[in-house]
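Chain residues, written in single-letter form:
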Amino acid sequence: MGRKGREIVQAELNVKEVIDDLNKAVASEWAAVYFFWIGSIVQEGFLGEEVAEYFGKQVQGELGHASRLAQRIIELGGQPVDMVGKVDSLSLFGKLQMPRDNTDAVAFVKKALEFEGKAVEYYNKLAKKYFGKDHTTYQLVASILADEVADEDELENLIGKRSARK
Ligand SMILES: [Fe+2]
Ligand SMILES: [Fe+2]
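What counts as what
Residues numbered from 1 in each chain as written. Chains lettered and ligands numbered in written order. Predicted model: local features only at pLDDT ≥ 70, side-chain atom pairs only at ≥ 80, totals over all residues. Helix = DSSP H or I, 4+ residues; strand = E, 2+ residues; numbered from the N terminus. Rg over C-alpha atoms; globule rule 2.2 N^0.38 Å. Buried ≥ 20, exposed ≤ 12 C-beta atoms within 10 Å, placed from the backbone. Contact = placed C-beta atoms within 7 Å. Core = buried A, V, L, I, M, F, W, Y, C linked by C-beta atoms within 7 Å. Expected span 1.5 Å × (residues − 1). Axes fitted to C-alpha atoms, helices over the stretch in contact; angles between N-to-C directions. Parallel < 35°, antiparallel > 145°, perpendicular 65-115°, else oblique. Left-handed = near helix turned anticlockwise from the far one by under 90°. Nonpolar A, V, L, I, M, F, W, Y, C, P; charged D, E, K, R; others polar. pLDDT = per-residue confidence, 0-100.

J.: I keep staring at the overall build of the chain and nothing clicks. Help me out?
T.: Helix and strand counts for the chain stand at 7 helices and 0 strands. If you list the helices and strands of the chain from N to C, you get α-α-α-α-α-α-α. Against the compact-globule benchmark of 15 Å for 166 residues, the chain has a radius of gyration of 17 Å, which places it among compact chains. Dimensions of the chain along its principal axes, counting C-alpha atoms only, are 55 × 30 × 20 Å. Residues classed as buried in the chain amount to 33% of the 166 residues present. For the chain, restricting intrachain contacts to residue pairs at least 6 apart in sequence, the fraction spanning at least 24 positions comes to 74%.

J.: Please clarify how the nonpolar core should be interpreted in this entry.
T.: Where a protein is soluble and globular, its nonpolar side chains tend to be buried together. Counting residues in each nonpolar core, the largest one holds 39 residues, and the members touching the most others are L22, V26, W30, V51, L69 and V109. If you list the elements that add at least two residues to this core, you get helix 2 (15-42), helix 3 (46-75), helix 5 (105-130) and helix 6 (135-159). Broken down by element, the residue count for this core peaks at 12 residues, all from helix 2. Aside from chain neighbours lying at most four places away, what touches W30 is A66, M83, V87 and S91.

J.: I keep staring at helix 6 and nothing clicks. Help me out?
T.: Each α-helix winds once per 3.6 residues, and so residues spaced three or four apart point in a common direction. Under the 1.5 Å per step criterion, the end-to-end length of helix 6 is 37 Å for 25 residues, consistent within 8% with the ideal 36 Å. Within helix 6, burial applies to T137, L140, V141, I144, E148, D151, L155, L158 and I159. Among the structural elements, helix 2, helix 3, helix 5 and helix 7 (161-165) are those in contact with the buried residues of helix 6. The positive-phi residue at the C-terminal boundary of helix 6 is G160, with phi of around 85°.

J.: Please clarify how the packing of helix 2 against helix 3 should be interpreted in this entry.
T.: Between two packed helices, the angle of one axis relative to the other and the distance separating the axes together describe the packing. Following both chains from N to C, one finds helix 2 and helix 3 inclined at 160°, their axes separated by 8 Å at the closest point. The orientation of helix 2 with respect to helix 3, classified from their angle, is roughly antiparallel. Both helix 2 and helix 3 take part in a crossing whose hand is left-handed.

J.: Looking at this structure, I do not really get the packing of helix 2 against helix 5. What am I missing?
T.: Closest axis-to-axis distance for the helix 2/helix 5 pair is 11 Å, and the angle between their directions is 165°. It follows that helix 2 is roughly antiparallel to helix 5 by the angle criterion. Considering how the two elements wind past one another, helix 2 and helix 5 form a crossing that is left-handed. Of the residues in helix 5, those in contact with D21, A25, S28, A32, F35 and G39 of helix 2 are F108, K111, F115, A119, Y122 and L126. In terms of residue class, the contact of helix 2 with helix 5 is made up of 8 nonpolar, 2 polar and 2 charged.

J.: Would you mind going over the environment of Q139 with me for this structure?
T.: Residue position: Q139 is located in helix 6. Separated by 86 residues in sequence, Q139 and E53 have C-alpha atoms that sit 30 Å apart.

J.: In this structure, what is going on with the environment of K125? I would like to understand it.
T.: Inspection of the secondary structure assignment puts K125 in helix 5. Assessed through the 13 C-beta atoms surrounding it within 10 Å, K125 is described here as partly exposed. Each C-alpha atom, one on K125 and one on L145, is 9.8 Å from the other, the two residues being 20 residues apart in sequence.

J.: What should I look at first to understand the environment of D153 in this one?
T.: Locating D153 in the fold gives a position in helix 6. Taking the number of C-beta atoms within 10 Å as the measure of exposure, D153 has 13 and is therefore partly exposed. Sequence separation between D153 and L113 is 40 residues; the distance between their C-alpha atoms is 9.0 Å.

J.: Got a minute to help me understand the confidence of the model for the chain in this structure?
T.: The predicted coordinates should not be examined in detail at positions where pLDDT is low. Mean pLDDT over the chain: 93, with 99% of residues reaching 70 or higher. Of all the helices and strands in the chain, helix 7 carries the lowest mean pLDDT, 76, while helix 5 carries the highest, 97.

Here it is as structure tokens:
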């Protein structure tokens, strides 16, 4: 980002804090990418095939989020953190525990719902925090928030809304 763009953010906010918030989001997107990717590969069985296909598509979506967030970090003069070995400690989801049974598609979807739910909460928090202060970051997190809300809804549909809530 150019000088003026940074100045605008600096006038209202601590830029380092914005960068840290965004890096936490990048780590979380990476954890989600990994979960959807491995989930798309290991799942077996009837419903598993369908969920695996859906997960496969999600990999690109979450990776796209990570890229847009990283781009914004660069614009702000920061550096996307090196995620290797750090995803667990930085992401919203902590240490990832995969469902043990690869034929239990519902368990995979529930795990994914946990991810999406936490992402929705986090992006909502960031959207409120940056609203009216840093328009560019606000627009970015609000647009990702809308994607995560849609993801959550699609996942609930995949296993039926009622069983998703159990
Ligand atoms: Fe995402
Ligand atoms: Fe998502």
